[in-house]
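These are the residues of each chain, in order.
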Amino acid sequence: MKQQTLSDMEYGSRKKKTKREEFLEIMDEIIPWNEWVEMIRPYYPAGRRGRPPIDLELILRMYLLQVWFNLSDPGTEDAIYDSYAMRKFTGIDFLTASVPDETTLCIEAHIQDIYGISVSDSTVSRITDKIMPIVKEWQQRPLESIYAVVFLDAIHYHVRSEGQIVKKAVYIAIGVNLDGRKDVLGMWVGENESAKFWATVLNGLRNRGVEDIFIACTVNLTGFDAAIHATFPQTEIQNCIIHQLRNSSKYVSYKDLKALMADLKAVYAAVDEQAALDALDTFSERWDKKYPKISQSWRANWVNLSTYFKYPQEVRRLIYTTNAIEGFNRQLRKVTKAKSVFPTDDSLLKMLYLAMMDITKKWTESPEKYVKKGIKDILSVKNRSRK
């Protein structure tokens, strides 16, 4: 019979951790035990001291897990542990997986309704506030040195401030790196959208390691181009064509709209810049008597509207509009639509961050072929122009 070594004996003495033990260990890393004790202390049996009943601890922890993982059927303990294990979440991933449209009052009501336990909304809020240090760390993480394209736009929400409800802008930057992969570079809560705040955002990107942005896709905000060039002087700017078309058609009579938009299409869909300018002259001859401000607006903003003409079709498709960031904003609105007013800037940022983490999971997939081709074409043009 083979003699058992000490290492064999040590190995055999180790017990494999149960799913329940693994789950509780990770929960302890996320939410310290003493915070759970304070939450469930009122439900101790009369005269009991020491550790609270394990069943009560599991009820609360498992409920929050169900909420954050959005499980339709609570199921058994094993089912919850299996769902947790299957997703392979770390402690940080657990927090970022929180379902962002579950408000603290909603969680409080569910716990009361299902388990008959009263947990204050402030306690639930304090627990979910554990996400804020992670948000701050994400906002300050180092970035890549060069981005081929960066989309810049803002989305607006109502937030309580000093007893009043004010409208605030959330400034969002989405970058496309030299491999064609998208990433949300940051989200910043500020006052109404302004070039001054955008200058702060852009300086923040530089401080986090961004040395150059080849093309910035933006809306036509006064002073925006100056703010970009103050930080990244070699960056080309492409104003969103779709926004320009919306502004052009805003005051056009319905009976003229179809014909006018067809003539504008000859401008923005032209094969090159000279053909576009010729089409704009033709547009002016036909429509300036009735709508003189349209051609004036296109000419005044032509430098930042015509950047895409120097690039091949794949690049044009990528940069002529800010749809990439507007689509992201639409997904954020789906999550936040039930919340008309946010109590603080942090509560707004926390919800948007959690929603962003869920939205961007799909972005890990390989970029579309036209994006990869577009990035190669941008690099080719940039290399020629900077020699």
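Residues numbered from 1 in each chain as written. Predicted model: local features only at pLDDT ≥ 70, side-chain atom pairs only at ≥ 80, totals over all residues. Heavy atoms only, no water.

Concerning the overall build of the protein chain
Here is step 1: A count of helices and strands for the protein chain gives 20 helices and five strands.
Here is step 2: Expressed as a percentage of the 387 residues in the protein chain, the buried residues total 45%.
Here is step 3: In the protein chain, the share of contacts with a sequence separation of at least 24, taken over all contacts with a separation of at least 6, comes to 66%. (Helix = DSSP H or I, 4+ residues; strand = E, 2+ residues; numbered from the N terminus. Buried < 20%, exposed > 50% of the residue type's maximum accessible area, 1.4 Å probe, protein only. Contact = heavy atoms within 4.5 Å.)

As for the packing of helix α12 (residues 241-249) against helix α13 (residues 254-268)
Here is step 1: Packing of α12 against α13 brings their axes to within 11 Å, and their N-to-C directions diverge by 150 degrees. The handedness of the crossing between α12 and α13 comes out as right-handed. Each of Ile-241, Leu-245, Ser-248 and Ser-249 in α12 lies in contact with α13, whose residues at this interface are Leu-257, Met-261, Leu-264 and Tyr-268.
Here is step 2: Of the residues in the contact of α12 with α13, the class split is six nonpolar, two polar and no charged. (Axes fitted to C-alpha atoms, helices over the stretch in contact; angles between N-to-C directions. Left-handed = near helix turned anticlockwise from the far one by under 90°. Nonpolar A, V, L, I, M, F, W, Y, C, P; charged D, E, K, R; others polar.)

Points about the side chain of Asn-301
Here is step 1: As for its placement among the helices and strands, Asn-301 is situated in the loop between α15 (292-300) and α16 (302-305).
Here is step 2: Within the local environment of Asn-301, its side chain forms a polar contact with the side chain of Asn-220, the two groups lying 3.0 Å apart.
Here is step 3: Discounting residues that sit within four places of it in the chain, Asn-301 has contacts with Asn-220 and Gln-244. (Polar contact = N/O pair within 3.5 Å; in protein donor to acceptor, adjacent residues only side chain to side chain.)

Overview of the side chain of Glu-193
Here is step 1: With respect to the helices, strands and loops of the structure, Glu-193 is situated in the loop between β3 (182-190) and α10 (195-207).
Here is step 2: There is a polar contact of 3.0 Å between the side chain of Glu-193 and the side chain of Trp-198.
Here is step 3: For Glu-193, the contacting residues outside a window of four places in its chain are Ala-154, His-156, Ala-169, Tyr-171, Trp-198, Val-219 and Leu-221.

Regarding helix α19 (residues 345-359)
Turn by turn, an α-helix covers 3.6 residues, leaving residues three or four places apart pointing in a common direction.
Here is step 1: With 15 residues, α19 should cover 21 Å at 1.5 Å per step; its first-to-last C-alpha distance of 21 Å lies within 8% of that length.
Here is step 2: For α19, a buried count of 11 out of 15 residues is recorded, marking the element as mostly surrounded by other parts of the structure.
Here is step 3: Within α19, the full set of buried residues consists of Ser-347, Leu-348, Leu-349, Lys-350, Met-351, Leu-352, Tyr-353, Leu-354, Ala-355, Met-356 and Ile-359. (Expected span 1.5 Å × (residues − 1).)

Focus on a positive patch on the surface
Here is step 1: A cluster of basic residues, Arg-330, Arg-333, Lys-334, Lys-337 and Lys-362, forms a positive patch at the surface.
Here is step 2: Within the secondary structure, Lys-362 is located in the loop between α19 and α20 (369-385).
Here is step 3: Lys-362 sits in the exposed class, given a relative accessible area of 60%. (Patch = residues over 30% accessible without salt bridge, like charges linked within 9 Å, V, L, I, M, F, W, Y side chains within 5 Å. Areas by Shrake-Rupley, 256 points an atom, 1.4 Å probe, with all protein chains shown as cover. Salt bridge = Lys/Arg side-chain N within 4 Å of Asp/Glu carboxyl O. Lys, Arg positive; Asp, Glu negative; His and termini not counted. Charge placed at Lys NZ, Arg CZ, Asp CG, Glu CD.)

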